[in-house]
Amino acid sequence: MQNFSARLSPVRLFWLLAFGLLVMLLLSVFVGRYPAPYWMSPGLLQEDVLAQRLVWSLRLPRLLTALLLGMTLTACGTVLQMVFRNPLVEPGFLGVSQGAAFGAAVSILWLGTSPVIIEILATIFALLGLALSYVLARQWRFGGWALRLILAGIAVSALFSAGVGVLKYMADPLTQLPEITFWMLGGLWSVTWRDLLYILPIVLPGLLVVYLMRWRLNLLSLNDETAFSLGAAPARERGLLLVAAVSATAAVISVSGVVGWVGLIVPHLARRLTGANARHTLPISMLMGGIFVVICDNLARTLLPGEIPLGILTSLLGSLIFIVLMMSVRLELRR
Amino acid sequence: MTETPIISLDHLRFSYDGPHVDVLNDLSLDIPAGTITAILGPNGAGKTTLLHVILGLLQPHAGQIYIEGQPQAGYSRTELSQKVGLVLQAEHTPFNFTVFEYVLLGRTPHLGMLSMPSNNDYRLTRQALEALELESLQQRPITELSGGERQMVMLARAIAQQTPILLLDEPTSHLDLSNKGRFLQMLRTLAGQGVTIIFTTHEPEVAVAAARYLVLMRAGQVLDSGPLTQLLTAEKLSATYGVPIRVARLEDRPVVLLS
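It should be emphasised that the depicted structure is a prediction, and the values quoted were computed from it without experimental measurement.

*Asks:* So what's going on with the overall build of chain A? Which residues, and what values?
*Replies:* Broken down by element type, chain A carries 15 helices and two strands. Whereas a compact globule of 335 residues would reach a radius of gyration of roughly 20 Å, chain A reaches 20 Å, a difference of no more than 12%. Over its C-alpha atoms, taken along the principal directions, chain A stretches across nearly 65 × 55 × 35 Å. Within chain A, buried positions represent 51% of all 335 residues.

Okay, structure coming up:
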């Protein structure tokens with residue numbers, strides 16, 4: 001890995017990954033279970049009307065959403081890790097994903113299943129989950145900051161999970177319960193162009209803010225005193241980055257449901273390839289996240305006759321990669 | 001102090017928990033420009049707090065701070081970070097920035113909010129690394145450096161920041177004798193270039209080796225300030241630390257001893 005990173009400059013790696021992603025997207029259009037499992041011949045697109053409609057109305061919006069989901073989750077993971085100076089956090093660990101799920105369940109139960117309302121409630125509760133984790137970690141007097149933040153995140157996530165459990169118990173088993181259950185598993189099978197268009201106005205500005213502020217992200221990962229002496233306004237800049245990243249995440253998972261582990265492992269892998277400098281790591285990990293989720297989603301919709309929930313696949317692959325990473329990475333956690 | 005003060009502190013009061021227990025208690029002090037000033041004092045005297053107040057990180061609840069004759073509050077965040085730099089005792093980051101990238105971060109005050117470092121910033125970063133003979137370390141992750149190496153790298157970052165005022169909080173506590181020598185030599189070089197340097201230390205010999213001015217602090221107040229040669233006496237140090245201290249002379253330099 002060391003030699004690899006020494007040979008490949010971040011800029012080259014970026015273009016290599018961008019090219020890889022493009023090829024992956026192109027190929028993914030033809031991956032699926034129509035007309036036969038695994039592969040559709042490109043020629044079919046010229047003659048088969050059903051194939052054309054399938055690709056245009058189902059596969060394309062789904063692919064683009066998978067791409068956006070992967071990019072957003074890794075961007076958010078990178079932001080959370082650097083802003084909290086803790087390489088072991090991701091949206092699923094800090095009450096963000098569970099909070100969003102709870103918000104969506106509340107919406108499904110009482111406010112209807114309009115994507116906009118689900119999105120708004122998911123965002124509100126995701127921010128609430130993050131804020132609660134942060135406040136608890138600040139209040140507690142047990143262990144170091146890194147540990148407290150993770151423990152608080154686990155507690156808040158559990159609280160929201162329990163809340164979702166209660167809502168599931170109250171839900172109409174025929175209409176509302178399946179909707180909520182889909183949420184907890186995570187998946188992109190119902191994504192339409194309309195869903196994609198609804199989330200873009202939140203996701204794109206959020207990602208843009210994070211991308212443009214990626215040099216500041218470096219500053220914020222240093223000691224507060226150092227960051228301040230270098231001109232940062234730590235509280236304000238952290239707040240801005242967190243709101244941008246968490247809103248974008250809540251918006252995409254209002255469509256995809258809870259998809260875990262991507263935001264944790266992909267930034268880790270990216271840092272191993274290019275080092276910590278977010279100027280390079282952020283765009284590279286976003287590309288890697290996009291590729292990872294597109295691959296997982298391809299597997300989810302192709303491997304079995306029935307769909308495998310995406311969240312299960314990312315958790316399976318993500319946790320396995322994480323275990324291997326933790327065996328080989330020397331992490332330095334203090335404070 | 002006769003020279004024009006670059007930093008002037010006027011009846012400062014500061015406390016961490018409301019205005020009851022003052023960590024800085026009616027503190028007034030002038031720092032002459034282009035010199036090295038050492039702050040000595042026992043633990044809890046308020047030395048670090050004083051640096052943080054000068055930096056603008058902490059806001060005093062009474063009193064005024066003037067930097068280059070202007071009230072500190074009149075400077076924006078960016079302007080202030082172009083005036084005052086800081087080197088901590090230790091930097092803890094879990095992320096594997098290379099030494100070069102870390103030093104390059106020192107250029108941030110000279111960048112726009114959303115801009116990236118330019119070729120000029122890269123050049124100044126290389127110069128800062130060369131000044132401290134750290135070129136061989138530049139591709140090493142900072143997480144793999146020794147405490148002493150990190151300290152040198154933090155100074156390089158502050159040099160790249162190019163501020164006229166540099167604050168250092170116990171900068172030599174992790175350094176071995178050779179690094180300490182190089183570190184203090186660099187401070188003298190910077191002062192020769194007109195940079196005003198203020199550092200806190202628990203080691204009087206470090207103050208003697210580098211500083212021309214001395215500030216003695218105890219319980220949030222300045223007991224005395226002035227040229228080091230006049231202040232480094234057994235009487236004044238004993239009053240500062242509250243224990244009997246002797247000052248001997250060796251090759252015409254004061255040596256501080258616990259008696």
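Moving on, there is more to tell.
*Asks:* Residue-level account of the packing of helix α4 (residues 119–131) of chain B against helix α5 (residues 147–161) of chain B, with values.
*Replies:* Residues and elements named next belong to chain B. Running from N to C, α4 and α5 point in directions that differ by 135°, and their axes come no closer than 9 Å. Classified by the interaxial angle, the pair formed by α4 and α5 is oblique. Along this stretch, α4 crosses α5, giving a crossing that reads as right-handed. Residue-level contacts link Leu 124, Thr 125, Ala 128, Leu 129 and Ala 131 of α4 to Ala 156, Ile 159 and Ala 160 of α5. Taken together, the residues that form the contact of α4 with α5 break down as seven nonpolar, one polar and no charged.

*Asks:* Can you break down the sheet that holds strand β9 (residues 213–218) of chain B residue by residue, with the values?
*Replies:* Where strands meet in a sheet, backbone hydrogen bonds hold them as pairs that are either parallel or antiparallel. Residues and elements named next belong to chain B. Pairing is mixed in the open sheet, where six strands are placed in the order β6-β7-β8-β3-β9-β10. Looking at which strands have only one partner, the edges of the open sheet turn out to be β6 (84–87) and β10 (221–227). Ignoring which end each strand starts from, the neighbouring axes of this sheet average 15° apart. Strand contacts of helix α6 (residues 177–192): β3 (36–40), β7 (165–169) and β8 (196–200), with the helix running at about 145° to β8, the strand carrying the most contacts.

*Asks:* Before we move on, can you summarise the sheet that holds strand β4 (residues 62–67) of chain B with the specific residues and values?
*Replies:* All names here are of chain B. Pairing within the open sheet is antiparallel, and its four strands lie in the order β2-β1-β4-β5. Across the chains shown, the open sheet's two edge strands, defined by having one partner strand only, are β2 (24–32) and β5 (70–71). Taken together, the five bridges between strand β1 (residues 5–14) and β4 define a ladder with antiparallel strand orientation. In the sheet register, Arg 13 faces β4, and the bridge partner there is Ala 62.

Procedures and definitions
Residues numbered from 1 in each chain as written. Chains lettered and ligands numbered in written order. Predicted model: local features only at pLDDT ≥ 70, side-chain atom pairs only at ≥ 80, totals over all residues. Helix = DSSP H or I, 4+ residues; strand = E, 2+ residues; numbered from the N terminus. Rg over C-alpha atoms; globule rule 2.2 N^0.38 Å. Buried ≥ 20, exposed ≤ 12 C-beta atoms within 10 Å, placed from the backbone. Axes fitted to C-alpha atoms, helices over the stretch in contact; angles between N-to-C directions. Parallel < 35°, antiparallel > 145°, perpendicular 65-115°, else oblique. Left-handed = near helix turned anticlockwise from the far one by under 90°. Contact = placed C-beta atoms within 7 Å. Nonpolar A, V, L, I, M, F, W, Y, C, P; charged D, E, K, R; others polar. Pairing = 2+ DSSP bridges.

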